[in-house]
Amino acid sequence: SRKTKPHIVQIRADNEETEKNQSVKITSMPVGVGQYFQPQAKKNNLGLGSGFMIYPAGLIVTNNHVVENANKFFVRLADKTEVEATLMGVNEELDIAVLKIPAKYCKPIAWADSSAVKTGNIVFAFGSPFGLQNTVTKGIVSAIGRAGWQEENMHYIQTDAAINSGNSGGPLIDLNGNVIGINTWIL
């Protein structure tokens, strides 16, 4: 857990849009008053999720459903530092998204061979369930090769480690502290 936590992040996805009220025309306002009648940014917090650092250049992986419909992304690091992130790309079919933060903050995690995972292996699920950052739960691999609900060619690792809302995008970790999967959905 100590080895893994520095690589895990909390992701906040927001949708910021500008409200424009076309019905009000401001023709003559005293200097300094007009600023109070300008269109303001409206924030819609779409929720919280999790992610983990995968590449030294500042790349973070998460689930697409954590970031979809958002246009502003914020990453909270293990030390509580919050930085703005840029969405680099998504794959809707695989439910994967990649965000980028400044490289100086990135500590990439190691990957394991997920094809070597066996039923009964002990695993840890990391993430930010219900907004509670740096949470870890322990379980076993209950089954491998489960068919998915979205993509018939996807095969999932089933675990009894507690996965809750906000764990999406966090890693499933083996006993060596290496990633074997991404927490994706709850059944």
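Thresholds applied
Residues numbered from 1 in each chain as written. Predicted model: local features only at pLDDT ≥ 70, side-chain atom pairs only at ≥ 80, totals over all residues. Heavy atoms only, no water. Helix = DSSP H or I, 4+ residues; strand = E, 2+ residues; numbered from the N terminus. Buried < 20%, exposed > 50% of the residue type's maximum accessible area, 1.4 Å probe, protein only. Contact = heavy atoms within 4.5 Å. Areas by Shrake-Rupley, 256 points an atom, 1.4 Å probe, with all protein chains shown as cover. Polar contact = N/O pair within 3.5 Å; in protein donor to acceptor, adjacent residues only side chain to side chain.

1. Some thoughts on the overall build of the chain
A tally of helices and strands in the chain yields one helix and eleven strands. Starting at the N terminus, the α and β elements of the chain follow one another as β-β-β-α-β-β-β-β-β-β-β-β. Within the chain, buried positions represent 37% of all 187 residues. By sequence separation, contacts in the chain at least 24 residues apart represent 64% of the contacts at least 6 residues apart. When the accessible surface of the chain is split by element, carbon and sulfur atoms take 52% of a total near 10,800 Å².

2. Regarding the environment of His7
By the element assignment, His7 lies in the segment before β1 (8-18). Each C-alpha atom, one on His7 and one on Ile109, is 5.9 Å from the other, the two residues being 102 residues apart in sequence. Here the side chain of His7 touches Lys3 through a polar contact of 3.4 Å, landing on its backbone oxygen.

These figures capture arrangement, not role.
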